[in-house]
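Inside the fold
In case you want the letters, here they are:
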Amino acid sequence: MFVFPPPPPRVSAGPYGTISSGGAQIVVETANTLGHPTGPDYCFSVGEGTYTLRDDLYLATPPPHPSEAPVTNTNPLATAPSPPTAGTKLSLVPLKHRHPTLQPLKNSSGSKGFDASESRISADTDGMEDGSDAGVTGSGSGTSRSGDGLQKSAERFGAGNAALAASMKDVKKRKQKSNINKNNSSFISRIIPHDILTARLAKRYDEELFAFANINRALHWLDLSHPKKQDPLSKILFTKSHPLCHDVNPLTQSSSHLDVVIGFSTGDIMWFDPMSNKYARINKNGQINAHAVTDIKWLPDSESLFLATHMDGSMVVYDKDKEDAIFVPEEEIESDKGEKKEFGLTIKKSVESKNQKTNPVAYWTVSRQPINAFAFSPDCVHLAVVSEDGCLRVIDYVKEKLLDVYNGYYGGLLCVCWGQDDLVCIWSFSDRRIVARCEGHHSWVTGVAFDPWRCDERTYRFGSVGEDCRLLLWDFSVGMLHRPKTTSARRGSTSNHGASFSTVAGRLRAESQATRLQSDTSLADTVQELNETVYHPVEARSRTAVLPPIMSKVVDPEPLASLLFREDAIITTCADGHIRTWDRPRLNKCSQVTLSAAS
């Protein structure tokens, strides 16, 4: 006899806390708190030493706006759609930072990071992918973006379109005219600035570290370098729109100006400068796309262009300096018209379009289901996209060409670091195949990131967090893989050129272990020459190597939402608003511990 499992002990009430046994909604406090818990539960050990909890910053959930309809359905098995939420999303903005004592992502040639042809590891949490080539952004936000010293492609997005270049040069640039302090818009409920905001901004520290965090209908601007980091510099409360994602432009950031773009559950996008409290709305009331914004990032090396993904499977490039216009699709271009059409890339407006006077700059559809996350490659050419249909797509966004489609093992892919299950997978971009699967989580994986300060030419360190409240750390190297019993050759599915691609992949597999992790420029060039989308079926788990974690620890009582690596610490966030900072082990300045020695 089949019996339904008991409901979870904590029934979600949508975006605002929990529901009591009497059915009344619990409204939590609105003041942030800072704690410093100690004890064996607040530390964990790895090969290089012991990580200890420095502080626990709690961003209290704001009460619901009176105009919001209450969530009354408490059935945990209900299938009715619930308001979109994103847990606690955090972006770090270091305005002044030291040069790292451990050079991030150093390869054998001495250059930082990876070049365009190097192996990219993408961690698939069947809801999540992680790419070694993605690395950690210069702003420390955990998103993939090119860093200092990385070899970049000479090709630029839209560089060949004279109409786009002319529009960006001649257009009358939009200004952030609206002031949040004096606004009467129904979009924004109110702003709560710090009592002495001007004095706080005037007082500078040796290491300034700002942070932006969105939770439910609030956006916090924090100063993590201040002793009273729990007091936000400002806190914006929105009416019915919930901020789901945000990004800070590292190219334009300074001590007097920040360009922040925020994506909302209503499809609206806000371009905001917290220093002046000025803002402008883009895609207002869903004029271009009315679906919720699931992820948003500035284009690498661009002061005005940013990419937003929407819940209908669309990807839209906006220009903050242009006005919006009602979007009418131009002649649609299918990247693949065969039997795999549902996995292809449909261009509804190309960056090469002559109509570039208004937004959008480009408009693509890549899936029929929501896109959960995307990441730019360090060479500023490729884009990794994960969605609810369980696919990881690798796109050459400069040429608007879909290169690869990888299928996950279970469910949708939730996150990507250059995708909903308890499995993390490592993919090789140059080899175009799965390298290993990483087992250790007991629930959906929600975040993954590489630790550039614990990577060398032989070993890559990355971490993952999930709804099982666990933080897992992994050291990836060929020697740490547990080889599967079955070693038969990999069988793949390609489009019209299976023999050619098999030859290339076979040549790579014949390389020695010493060179497996190094770049293969000739292979990448050969793959590009094929100029066809490659569809990769799910690899049999019996033929895939297994990578065990080097550390697994429950670090929060609530489901974890994201993971960030800093030179001096690891930062984790949870769904309920906790931001925990874990201090790294202190290393002797005279001798640096390498991963190989620590292992």
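Residues numbered from 1 in each chain as written. Predicted model: local features only at pLDDT ≥ 70, side-chain atom pairs only at ≥ 80, totals over all residues. Heavy atoms only, no water.

**Here's the deal with the overall build of the chain**
Regarding its fold elements, the chain presents five helices and 36 strands. Within the chain, buried positions represent 57% of all 599 residues. Carbon and sulfur atoms make up 51% of the accessible area of the chain, which totals about 25,200 Å². (Helix = DSSP H or I, 4+ residues; strand = E, 2+ residues; numbered from the N terminus. Buried < 20%, exposed > 50% of the residue type's maximum accessible area, 1.4 Å probe, protein only. Areas by Shrake-Rupley, 256 points an atom, 1.4 Å probe, with all protein chains shown as cover.)

**As for the sheet that holds strand S4 (residues 88–94)**
With respect to topology, five strands assemble into an open sheet ordered S4-S8-S9-S10-S7, the strand pairing being antiparallel. Bordering the open sheet on either side are S4 and strand S7 (188–193), each of which pairs with just one other strand. This sheet shows a mean twist of 15° between the axes of neighbouring strands, independent of strand direction. In this sheet, strand S8 (residues 209–215) lies alongside S4 in antiparallel orientation, the contact comprising seven bridges. (Pairing = 2+ DSSP bridges. Axes fitted to C-alpha atoms, helices over the stretch in contact; angles between N-to-C directions.)

**Observations regarding the side chain of aspartate 247**
Of note, aspartate 247 is situated in strand S11 (residues 243–248). Its relative accessible area of 2% is what places aspartate 247 among the buried residues. Among the polar contacts listed, one links the side chain of aspartate 247 to the backbone nitrogen of tryptophan 298, at a separation of 2.9 Å. (Polar contact = N/O pair within 3.5 Å; in protein donor to acceptor, adjacent residues only side chain to side chain.)

**Side note on the environment of phenylalanine 210**
Its location among the elements puts phenylalanine 210 in strand S8. Sequence separation of phenylalanine 210 and leucine 92 is 118 residues, and the distance between their C-alpha atoms is 5.9 Å.

**Some remarks on the sheet that holds strand S30 (residues 470–476)**
With antiparallel pairing, the four strands of this open sheet are ordered in space as S28-S29-S30-S33. The two strands at the open ends of the sheet, each matched to only one other strand, are strand S28 (445–450) and strand S33 (551–554). Strand-to-strand twist of the sheet, defined as the mean angle between neighbouring strand axes without regard to direction, takes the value 15°. As judged from the five bridges shared by S28 and strand S29 (residues 460–466), these two strands associate in the antiparallel manner. The partner of alanine 449 across the bridge, within S29, is glycine 463.

**Describing the pattern of salt bridges**
This structure, assessed with the given rule, holds 14 salt bridges. Aspartate 451 is the partner of arginine 584 in a salt bridge, and the nearest nitrogen-oxygen pair spans 2.8 Å. Taken together, the residues arginine 584 in the loop between strand S36 (578–583) and helix H5 (595–598) and aspartate 451 in the loop between S28 and S29 connect sequence positions 133 residues apart. By relative accessible area, aspartate 451 is classed as buried at 0%. A salt bridge links arginine 461 to aspartate 475, with the shortest nitrogen-to-oxygen separation between them at 2.5 Å. (Salt bridge = Lys/Arg side-chain N within 4 Å of Asp/Glu carboxyl O.)

**Quick look at the packing of aromatic side chains**
The full count for this structure, using the stated rule, is 17 aromatic pairs. On the numbers, 5.1 Å between centres and 10° between planes, the contact of phenylalanine 44 with tyrosine 51 is stacked. The residues phenylalanine 44 and tyrosine 51 share a single accessibility class, namely buried. Seen from their ring centres, phenylalanine 210 and tryptophan 221 are 5.5 Å apart, and the 80° between their planes marks the pair as edge-to-face. With phenylalanine 210 in strand S8 and tryptophan 221 in strand S9 (residues 218–223), this residue pair connects regions lying 11 residues apart in the sequence. Seen from the ring of phenylalanine 187, arginine 281 lies directly overhead, with NZ or CZ sitting 4.1 Å from the centre. (Phe/Tyr/Trp six-rings, centres within 6.5 Å; stacked < 30°, edge-to-face > 60°. Lys NZ or Arg CZ within 6 Å of the ring centre and 35° of its normal.)

**A short note on the environment of asparagine 249**
Looking at the secondary structure, you find asparagine 249 in the loop between S11 and strand S12 (260–264). Between the C-alpha atoms of asparagine 249 and valine 93, which are 156 residues apart in sequence, the distance is 9.4 Å. Apart from the residues within four sequence positions on either side, asparagine 249 is in contact with Asp259, Trp298, Ser302 and Glu303. At 3.0 Å, the side chain of asparagine 249 and the backbone oxygen of serine 302 are in polar contact. (Contact = heavy atoms within 4.5 Å.)

**With respect to the pairing of strand S24 (residues 401–407)**
Here S24 lies mainly inside the structure; six of its seven residues are buried. As paired elements, strand S23 (residues 391–396) and S24 share six bridges and run antiparallel to each other. Counterpart to leucine 392 in the pairing with S24 is tyrosine 406. Linking S23 to S24, which pair antiparallel, is a turn of four residues; within it glutamate 400 sits at a positive phi near 55°. In terms of strand pairing, S24 meets strand S31 (residues 534–536) through three bridges, oriented parallel. In the strand pairing of S31, tyrosine 406 is matched with histidine 536.

**Some points on the nonpolar core**
Of all hydrophobic cores here, the largest spans 28 residues; its most connected members are Phe157, Leu307, Met315, Trp364, Leu383, Ile395 and Tyr397. Sorting the residues of this core by element identifies strand S16 (305–310), strand S17 (314–319), strand S20 (362–365), strand S21 (371–376), strand S22 (382–387), S23 and S24 as the ones contributing at least two each. With three residues, S21 is the largest single contributor of residues to this core. Leu201, Phe212, Leu219 and Leu258 belong to the second-largest nonpolar core, a separate cluster that totals 24 residues. (Core = buried A, V, L, I, M, F, W, Y, C linked by side-chain atoms within 4.5 Å.)

**A short note on the confidence of the model for the chain**
Averaged over every residue, the pLDDT of the chain is 75; the share at 70 or more is 67%. Per-residue pLDDT stays below 50 along residues 97–150; that stretch engages in 221 contacts with residues further than four places along the chain or on separate chains. Contacts from residues 588–599, a stretch scored under 50 in pLDDT, to residues over four places away or in other chains number 21 contacts. (pLDDT = per-residue confidence, 0-100.)

**Points about unusual backbone geometry**
Here the bond from asparagine 359 into proline 360 is cis, since omega is 5°, no more than 30 degrees from zero. Locating proline 360 in the fold gives a position in the loop between strand S19 (346–349) and S20. Positive phi values are uncommon outside glycine, yet asparagine 285 reaches one of about 55°. Within the element layout of this structure, asparagine 285 appears in the loop between strand S14 (278–282) and strand S15 (293–298).

**Describing the environment of histidine 441**
Within the element layout of this structure, histidine 441 appears in the loop between strand S27 (433–439) and S28. On the basis of relative accessibility, which here comes to 4%, the residue histidine 441 falls in the buried class. A C-alpha to C-alpha distance of 8.7 Å links histidine 441 and leucine 471, two positions 30 residues apart in sequence.

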